[in-house]
Amino acid sequence: MLARKLTQQLGHPTQSLVGWLVTKFLERHNRVLEERAVRLCEIQPDSTVLEVGFGPGLGLQEAVQYLTDPRGKLLGLDYSEYMHKLARERLRDHIASGKVRLFQGRVESIPLPACSVDKVYHCNCHLYWPDMRAGNAELLRVMRPGALMVTTLKLASLREAVSRGVIQDKKWQPEPYMEALIAAGFTDVRLEEKQHKGRDFQAIFATAAK
């Protein structure tokens with residue numbers, strides 16, 4: 001029962017004790033993955049950037065630093081009302097200036113026009129999409145031709161979470177996600193082994209071909 005509740009909260013944190021614990025876990029364990037995803041995107045000062053599943057806003061906080069041109073925009077989408085609230089507080093000055101816009105909703109229905117985004121990144125959140133192919137197809141729709149999407153994950157940590165029952169009933173291996181990317185129409189889909197300060201992690205790259 002507890003393990004299943006943790007799985008649910010990881011995918012959709014709520015304002016509760018378990019949701020608070022999940023938030024602290026994300027802030028501690030996902031910070032490096034968020035920051036690496038941002039850097040691997042090679043964001044330009046005038047890029048339009050989208051983070052999917054922004055959680056408490058750590059990746060947004062990192063990405064906005066690269067958008068120094070007035071034309072640069074940072075967008076975020078998260079299903080959780082609680083995460084949306086926390087990220088709004090963390091980014092409130094950038095939101096007030098118009099540099100950052102946050103949306104609450106599902107990846108299968110992104111409230112953005114077609115071909116409007118240069119870079120997309122996320123950290124592990126594809127594990128909780130009800131339909132990976134539909135989610136990737138919608139991301140492809142909003143991305144400009146040649147736009148890059150970067151997904152970061154730590155397979156060793158996911159494997160351990162699955163063995164302990166913290167993540168249940170999820171396709172956590174990278175292959176189903178990469179197959180869904182290809183099926184949706186992405187090209188140059190590849191997984192690369194990465195390292196940061198002696199710690200291994202993985203990055204999945206995909207290019208929007210139109």
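What you see is a predicted model; the values in this text were computed from it and never measured. (Residues numbered from 1 in each chain as written. Predicted model: local features only at pLDDT ≥ 70, side-chain atom pairs only at ≥ 80, totals over all residues. Heavy atoms only, no water.)

1. Section: the overall build of the protein chain
Of the regular secondary structure elements, the protein chain holds nine helices and seven strands. For the protein chain, the proportion of contacts with a sequence separation of at least 24, taken over those separated by at least 6, is 74%. When the accessible surface of the protein chain is split by element, carbon and sulfur atoms take 50% of a total near 10,400 Å². (Helix = DSSP H or I, 4+ residues; strand = E, 2+ residues; numbered from the N terminus. Contact = heavy atoms within 4.5 Å. Areas by Shrake-Rupley, 256 points an atom, 1.4 Å probe, with all protein chains shown as cover.)

2. Observations concerning the pattern of salt bridges
When charged atoms on two side chains of opposite charge get close, those side chains can pair. Applying the stated rule across the entire model yields eight salt bridges. A salt bridge links glutamate 192 to lysine 194, with the shortest nitrogen-to-oxygen separation between them at 2.9 Å. For glutamate 192, a relative accessible area of 24% translates into the label partly exposed. On the basis of relative accessible area, lysine 194 is assigned to the partly exposed category, the value being 23%. Three or more residues joined by partner-sharing salt bridges are found here, namely Asp188, Arg190, Glu192 and Lys194. (Salt bridge = Lys/Arg side-chain N within 4 Å of Asp/Glu carboxyl O. Buried < 20%, exposed > 50% of the residue type's maximum accessible area, 1.4 Å probe, protein only.)

3. Observations regarding the pairing of strand E1 (residues 48-52)
Counting buried residues in E1 gives five out of five residues, a clear majority hidden from the surface. As judged from the five bridges shared by E1 and strand E2 (residues 73-78), these two strands associate in the parallel manner. Considered in E2, the bridge of valine 49 is made with leucine 74. For the crossover that starts at E1, traverses helix H4 (residues 58-63) and ends in the parallel E2, the hand is right-handed. Relative to strand E4 (residues 117-123), E1 is paired through three bridges, and the arrangement is parallel. Bridging across to E4, valine 49 finds its partner in lysine 119. (Pairing = 2+ DSSP bridges. Right-handed = clockwise from strand over helix to strand, strands pointing away.)

4. A few points about unusual backbone geometry
One non-glycine residue, aspartate 188, adopts positive backbone phi at about 50 degrees. Following the sequence through the fold, aspartate 188 ends up in strand E6 (residues 186-196). At lysine 197, a position not held by glycine, the phi torsion is positive, near 55 degrees. Note on placement: lysine 197 falls in the loop between E6 and strand E7 (199-208). A residue is classified by how much of its surface remains accessible, and lysine 197, at 77% relative accessible area, is exposed.

5. Some points on the environment of tyrosine 177
Within the fold, tyrosine 177 resides in helix H9 (residues 174-184). Given a relative accessible area of 1%, tyrosine 177 falls into the buried group. Between the C-alpha atom of tyrosine 177 and that of leucine 127, which follows or precedes it by 50 residues, the distance is 8.4 Å. Here tyrosine 177 is in contact with His122, His126, Trp129, Met132, Asn136, Met149, Thr151 and Ile204, once residues within four sequence places are set aside. Polar side-chain contacts of tyrosine 177 include one of 3.0 Å to the side chain of histidine 122. A distance of 2.7 Å separates the side chain of tyrosine 177 from the side chain of threonine 151, its partner in a polar contact. (Polar contact = N/O pair within 3.5 Å; in protein donor to acceptor, adjacent residues only side chain to side chain.)

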